[in-house]
Structures are given as C-alpha cells and as structure tokens.
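# Geometric and topological summary
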Amino acid sequence: MLKDIIRKELLDTISSLKFVFTFLLCTVMILLSIYIGINNYRSDLKEYQASVALNRSNLESQPSYQALAGLGVKISKPPQVLSTLVTGIQNAVGRVASVKESYDPELVDSKYSTSPIFSVFGDLDLEFIVRIVLSLLAILFTYDAICGEKESGTLKMSLANSLPRDRLIIGKAVGSFISLLIPLMVPLLLGLLILSLYPDINLGREEWSRIGLLVLLFLLYISVFFSLGIFVSTLSTRSSVSILILLIAWVTFVTLVPKAAVIASGQIYPVPSVHEITAQKDAFQQEIQGNVQKEVRDWVHTNSPKPGEDPKAWQEKFTKYLEDSQQEASRKIDEKNAALESEFQARRQRQDLIAMNLSRISPASALMYASMSLSGTGINEHIRFLNSIKNYKPVWTKWANSKRMRTLLLRKEQPKPDLSDMPRHTFTPESFSQSARRAIPDFTIMLVLIILFIAGAYVAFLKYDVR
Amino acid sequence: MLFHIILRELRSNILSLRMLLALVLALTVFGLGTLVFVANYKIDRKEIEHSSQQEIERMKAAAAESVSSLANWGFNQDFGPRSNSFISNSREDNLPVRFMYDSFKVDRFFVWPGRNPLSDSCQPLDWMFIVSIIISFSVLLLAYDTVSGEKEARTLALSLSNPVSRGLVLFGKYVSVILSTILVLVPGMALSLLIILSSGRIAITRGTLAETGLFLAAAILFVACITAFGILTSVLTHRANVSLVAALSLWLLFVVVVPNTALYWAQKLFPIERMENVMQRINMERENLEKGMPEGWRKNSASLVENYAKLENEFLASEMKVRRDWYNQMFSQYERTRLITALSPIAIFEYLCEAAVGGGYLRFRKNWLDMNSFQLQFLEFVKAADAKDPESPHAFSPNSWGISGKPVDFSDVLIFQEKAPSIQERFSHAGLYLLILFFYTTAAFALSFVLFVRYDVR
C-alpha cells in the first residue's frame, strides 16, 4: 500500500510542469555556480602562484641581508580548493601578510578592497544556490501536499479506502521528497564529476569526505524546508494561505534572521573601531619614542665624553646604547601592539560568535556556518592562518637578524643573501574530524527542526478535517 | 466603470490575509531597520568626525612647518555616512569612502578598512532593501493569481459577462495591486520617519523630505513594473499554482541570478589589468625616465635642484597617466556591469534610489571628480604661497627641496567640502535607468494585455 502511494505521488509530481521547470532551473543554476566556482578558483590559484613567485624573486634580488630584513617576507594565503563550492568569507578577508621586524603581521589586500566591484556585485556559489533557490523549491513542492488535495476533493476519496492516515502522509512525504531529490542530485553529481575532471583541481580523499558531508548538509537543509512545508500544509485548509505563510517564513529565515543577528550582536557586544585601536597604537608609539628621546638626552648628559677619552670609543659606546634603547623601544611597542590587537581580535571574535549563535535559529545561517567550516573558507580557518603567520614571525626575524648581525661587521662587500636555510612558513589546514566536529551543532539544529516539523505534521494530519 | 473595478479589487485585497501579513511584515522591518540605523549612525558619525579632525590637525602641523610640507604630506579625505542613508545606503559600505591626496595628485581610494567580514555580506535594512526584496515579493504574491486565480474560482467569466472591456478589467486589477502596495509602503515609511524624528539625533530637513518624495516616486514606478510582470505570469497560465511558480522564478531571476552572475560577465567581457601589473608598469616607466637623464646629473650641484624637480615631475606625470587610465578602466568596467544588471528591475530600482538620495556610485564619482578639481586649486594655492617666498628656488615638484620652507597661515589653506549631487545630476544619472524601467513596464503590461484579450475565461 505504502509503495503504491509513494509511486502515485512520484509519478504525479514527475509528470507535472512544476517538476520539469524545477529540473531545468536546478540544472542551470547548480552547473553555473560550479562552473563559476571553478573559474574563480583557477584565477585565484594563478594569482597566488604569481604572488609567491614575485615575492621569491624580490627576496632573491636583495643586495644584502640588511635590505632583506628591511623588506621582510610576504606570505600569501593559498585559495581553498573547496571554495569552488562554498566561497565563504574568502573574498572579504586579506590574502597577503608582510612579516618583518616591528610590524604586527596582518592579512591585507582582500579581493574586495583591491577592486570594489567584487564586493558590490555578489558571488554565486553552490551554497548560495542551495540556501536561496533550493529552499524555495522545497516549499513549492510541498505547500499544497495536503491542503491542495483537500481543495481538489481527492483527499477524502483516498481516505474513503481502507488506508490509515499515517501511511498516507508518510507515503506522500517520501514520494515528493524523492521527486525533489532528482532535480537536485542529478545536476549536483554531474557538477562534482566536472569538478573532479579538471586537471588543476586536486581533490584528495579528505576533500571528498568533506564534499560528502557538504552534500549531506545540503540535503538536511532542504529537508528542513520540505518538512516545514508539509507541516504548514496540514495546518491550513487552503493552499493559498499555506504558501503565504511558508513564503513569509522563508523570507524571515533566509533574509531577515541572519541580518538581525549581526545587527543584534553589534548592539549587545559593541567592539571598538579599527580607528580607535590605531589611535591607541599611535599614541603609545609616540609616548615611547618621546621617552626614548628624553632618555638619550639624559644619557648624553650623564655620560658626556670625559676629557682624554678616545672620541672613537665614545662614539661606539653611544651607538651601542642607541641600538639597545631603540631595540628595547621597538620591543615595547611590539608588545603593546600585539596586546591591543589580540584584545581587539578577541572582542571581535566574541561578537562574531554571538552573531553566529543568535542567527543559528535560522537553518539558513546554520547552513552557512556549517558549510564554511566544512570547506575551510570560514572565519575560523582564516584566524588559524593568521596565527600561523604570527608564530612564523619570530622564527623568521630571528633568522634574518642573526644573518644581518653576522654580515653587518664585514668591512668588505656585503654578501648576497642566501635563502637556502631561510625558515619557511608552514600551515596545516584544520583536520577533517575537527571541521566536522565544529559543524555538529548545525547538523543537530537542522535535525531537531526536521523532527519537530515532521512530528507536528503527523499529529496535525491525524486530526485534519479532510472533508 | 474603471473606478468600480478598482474599488472592488482594492476592497478584496485589503480584506485578504496576505495584505494583513504583508502590512505586519513591512511595519516590523521598517521599524527594525530604522532603529538600527539610528543606533549605528551616531557611532559611525563620531568615528568619521574623529578621523577628519585628525586630518585637520595634520594639515595644521604641515602648514606650520612649511609650504613644502603642506604640498607633499598627503592627506586623507573621508566621506562619512549620509544622514539620509536610512532611505538607501546604496552599498556605500562596499564602495571606496576615503581618498588620499596631496597638492600634486589624488591617487588612491580605499574601502572603509577593518569591517567585519561576516557583516560585509549583509546589506543594511534600509528602505531600498525592504522595497526591492520584501515588497517586490509581496507584490508578486498579490499579483500572481489576479487572472488565473479568478478563472479557477470561476468569477472571471461572471465579471466579463457584464458589458466591460477586457482591457479595462485588466487595467483595474493592475492599478488596484499598485494601490494596495502603496497602502503597505506608506505606513512603513511613516513609521520609519516617526522613529527618526523621535530619536532627536538626526534632523529631517526639507531636503530629506524631498528625497523621501523622490524615493516614493521611484518605488511606485518599481512596484508598477513588478506588478506588470506579476500579471503577466498570471495571464500566461490557466492555473494559479503554475503562475506562482512562474512568478517566483521570475523573482529569483531578478534578485539572485542577474545581480550575482554580473561579476562573472564583467570579468569575462570587460577584463581589466591587475593592480600588480599596473604597479610594475609604473616602476618600469620610472626606471626609463631615470635612464633618460643626462649622465652624472646627480653630481652637477649647480643644476641639481632643477634637474631633480624635472625628474620628479616626469615621474608624477607618467605615474598619473598610468593610474588614470587604470581607474578609468575600472570605472568603465563597473558602469558596464551595472548596465548588464539592468536586466533586472530590482537592480534598476537600486540605481534609482541611489540617484534619489545622491549616494552610492553617484556620490563616489562626483566626489572623485570634485576632489580632482580641488587638487588643482590646492596646487595653485601652494604655488602661490611658494611664489611669495623670495628665498625659495621655485623648483616646484613632488618630494623636492625646491619648494619654500616658510610656514603658511592655516586659516588661508583650502579645505575640501563635499557637495551633494544637484537635482540635474541626479536626474541625468537616473535617466537611462528610468527609460529601461519604463520600457519593461509597458512591455510586460502590453504583453499581458494581448494575452488577456485572447484568454479563455471559461
């Protein structure tokens, strides 16, 4: 019996205009988004390789270690291969960081800032298509599941047979879910196939497991709207009312809640602006430099060359003192900058966390965060990359300084820098299990919503007036 | 007759559930959006005033030091939030709002630094967003079943059995949807203005009211266009749920597909040079110019200042030529991409709002041009100050010591003032978009009319 209901529902949907249309729309959108993703990734990769090579040749062409230490080394952030599916915040955050003495490394030159056109016109990735388009389609597939049949009078006819209500609703749900899966999965699998065929896109086993979880996430997300559709359809007696309620719920979930959450977190937990932080840094730097000047004056006053002292020796002593005090000052400034910066970052991260948790009420936000975690294009991976650069800075400056010191005293021609023993920056991306663990809350939220809606639909249908 | 049809339709719309829901939703978002605007505006304003004050202080310091410092130091000009951005922020969060200039050049612009990358993706809840996304959605919901729904309910045949022309019936339905939407829109806008008035932080001037009027006019045109598309989906099919699918996919096309693929087309069709290449070209030109100088010129102390100034001026001219070309490429890429997005009435509405409030790209372009002509005045001013000093070598060039070392009185120094775009500038900015929108509206409505005349109403 159940099989017959599923079959009937499936055939019903597949032969409808709605299905044909959905299939076409999904195919075009999904393939287009993956194609655009691949294109963007390849151009990002090219840009990344070019900037690494440029940095390398810049370092190699430096005449001395002195110049090398002054120039510093530039670390570029490699593009994530899964940004082909989920762009995340990649375009909004910086891609290059300078590492040199007395300079707090920071990732700058985001795609948005180098060419504002990128931020004004949004991007189209698979996650966006799923979040906006497929959720809307899920609603369109289910809004009249029950109340539509009631309106056309077929519901009471079906139930006049010896057919339990629970079986009817399960059969209908399963049947239309399968018919929704076809327009989603066929182009998606095709898109993934295309992705795997591109020669310069390397997908290892870990990437494939991430993609697997992403697909599961997309399915869960669509199921949330699907089950919500059935639930609302069993609550209302007219399909026009049902679609209206569903669309308003959709607008709220997809466009309003994420916006409201960011706004609310800004009000709940305000963060000082970058300008305030910069002003604080500048003020501290000025204060320290002022102190240094005063101390130097005092030093000269108290240590003025005694009569009969060799002026050359005094000069050396003075240079030594100047170097030491300058080093001490820049250490202090570094420390203060790092402290200010880390406090600022911590506050900002806390604000982000509040916004994230608030907006998770909406499955659309849960989808966004989980997919960014899984594809490594979220804020978390960005911070990890920045931290790896911060850890690299002392290693590199130590190397550069030791080289510089050793060659500084050479009277003859300065040697050209030898980069063979230069410490390299390394970054290990977050492991799959860690990313998956971070996505667990989002998966749980979606599962809970699905269970709630299905249970609600079930109970409401048992009490439904089918006449 | 038309009046009766409109009245009847309007009455049935107003009493419907969707109208009530749309009204509640609109009032909520208008209220929420404005509350947030009021809270944020003060903070943003303070920040911008602080940074502008710092720049003034730097300028004072430069003037007190010397003409040379004033000419060379390089200052930032920030463009703060507009007090009318509750109407439309026009993506100013993503556009450059800081220019860097000195007396020789305006060479760089910046997007506001240090924004939260998470909130970057989210536009503020301004009137423009509410109308272009939420109201357009509700308009389609009101319009999709005006014809096919009545056919299903069998009232269409009844109406048309009276002596009324089909065109009149269709037009009556069309006007009534627009009027119902205005009934949702106006209370929302009024609520928003009330919140701003009662906050006492932002003055509502006559100019703001005029801009509100312009916005309302743009919104009505936009609603008329979307309604025409909604009615078109309704006369295309005989069943309301198919009309619904068509209407929603049209909405998706306008809101999602067209704006979000524009960037892809922009990169494919109008590619521009990368920043790194431009910088490399500038450096190469510099090297060439330096090679072109006479042998051993640095050692010839008699004409060193003049030669140095000559070289610096050549550097400046060559760099500015490359930069200007690049910026013009960038602007033209942006403008052409906007023309592609004009396929979507929602994008057009955004550009109309930009013109109504004098913000967004219109403001950026105006400020950029104004800044460039201001720089010329500033240069003249500095040159005049230099000319007054008999001890100066008068070898005027960037980074040189050929400019007077005497201080300048700060009260004479020119300071840039932002001017809002004039009415003519706004209209000429909006003109093309208005035409396109008008074309879409008439085309969609004419097509609906043709289809409705042949519609099987039974």
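Every value quoted in this text rests on a predicted model; they were computed, and no experiment measured them. (Residues numbered from 1 in each chain as written. Chains lettered and ligands numbered in written order. Predicted model: local features only at pLDDT ≥ 70, side-chain atom pairs only at ≥ 80, totals over all residues.)

On to the overall build of chain B. Scanning chain B from N- to C-terminus turns up 15 helices and three strands. Since a compact globule built from 458 residues should have a radius of gyration of about 23 Å, the 29 Å found for chain B marks it as more spread out than a globular shape. For the C-alpha atoms alone, the extent of chain B along its principal axes is close to 100 × 50 × 40 Å. Across the 458 residues in chain B, those meeting the buried criterion constitute 41%. Excluding contacts between residues fewer than 6 apart, the proportion of contacts in chain B whose partners are at least 24 apart in sequence is 82%. (Helix = DSSP H or I, 4+ residues; strand = E, 2+ residues; numbered from the N terminus. Rg over C-alpha atoms; globule rule 2.2 N^0.38 Å. Buried ≥ 20, exposed ≤ 12 C-beta atoms within 10 Å, placed from the backbone. Contact = placed C-beta atoms within 7 Å.)

Its domain assignment divides chain A into domain 1 (2-271 + 363-406 + 415-462) and domain 2 (275-338). Between the C-alpha centres of domain 1 of chain A and domain 2 of chain A the distance comes to 52 Å. (Domains from an automatic or database assignment.)

With that settled, the discussion passes to helix H2 (residues 17-65) of chain B. Compared with the 72 Å implied by 1.5 Å per residue over 49 residues, the 71 Å span of H2(B) between its first and last C-alpha is a close match. By the largest-angle criterion, Asn40(B) marks the main kink of H2(B), which is about 25°. (Expected span 1.5 Å × (residues − 1). Bend = angle between axes of the 7 residues up to and from the residue.)

A separate point is the UniProt feature "transmembrane region" (unreviewed entry) in chain A. Residues and elements named next belong to chain A. Taking the numbering used here, the UniProt-annotated feature "transmembrane region" (unreviewed entry) corresponds to residues 20-38, 128-147, 168-198, 210-231, 243-264 and 443-462. For residues 20-38, the end-to-end C-alpha separation is 27 Å, with 100% helix and 0% strand making up the annotated structure. Helix makes up 80% of residues 128-147 and strand 0%, and the two end C-alpha atoms of the span are 30 Å apart. (UniProt positions renumbered as here; feature names shortened; annotations may be inferred.)

With that settled, consider the interface of chain A and chain B. On the chain B side, the residues contacting the 47 residues of chain A number 49 residues. Taken together, the elements giving at least two residues each to the side of chain A that touches chain B come down to helix H2 (17-60), helix H4 (111-114), helix H5 (117-120), helix H6 (126-142), helix H11 (239-268), helix H12 (274-302) and helix H13 (311-359) of chain A. When residues of the side of chain A that touches chain B are assigned to their parent elements, the largest contribution, 14 residues, is made by H11(A). For the side of chain A that touches chain B, the residue count by class is 32 nonpolar, nine polar and six charged. (Nonpolar A, V, L, I, M, F, W, Y, C, P; charged D, E, K, R; others polar.)

Residue and element names in this part refer to chain B. Looking at chain direction, strand S1 (residues 75-78) and strand S2 (residues 96-101) are connected through four bridges and run antiparallel. Looking at the pairing, Phe-75 lines up with Tyr-101 of S2. Here S2 runs beside strand S3 (residues 106-111); their pairing, made up of five bridges, is antiparallel. Within S3, the position partnered with Pro-96 by the bridge is Val-111. Where S2 folds back on S3, the antiparallel hairpin that results is connected by four residues. (Pairing = 2+ DSSP bridges.)

Backbone-to-backbone hydrogen bonds pair the strands of a sheet. The strands run either parallel or antiparallel. Residues and elements named next belong to chain B. Read from one edge of the open sheet, three strands run S1-S2-S3, paired in antiparallel fashion. Lying at the two open borders of the sheet, with one neighbouring strand each, are S1 and S3. Each strand axis lies, on average, 25° off the axis of its neighbour in the sheet, ignoring direction. (Axes fitted to C-alpha atoms, helices over the stretch in contact; angles between N-to-C directions.)

All names here are of chain B. Within the largest apolar cluster, 177 residues are counted, with the highest numbers of intra-cluster contacts made by Ala-26, Ile-130 and Leu-352. Beyond its immediate chain neighbours, meaning those up to four positions away, Ala-26 contacts Ile-130, Ile-134, Ile-135, Val-184, Leu-185 and Gly-188. Counting residues in each nonpolar core, the second largest holds 13 residues, with Ala-62, Val-67, Ala-71 and Ile-403 among its members. (Core = buried A, V, L, I, M, F, W, Y, C linked by C-beta atoms within 7 Å.)

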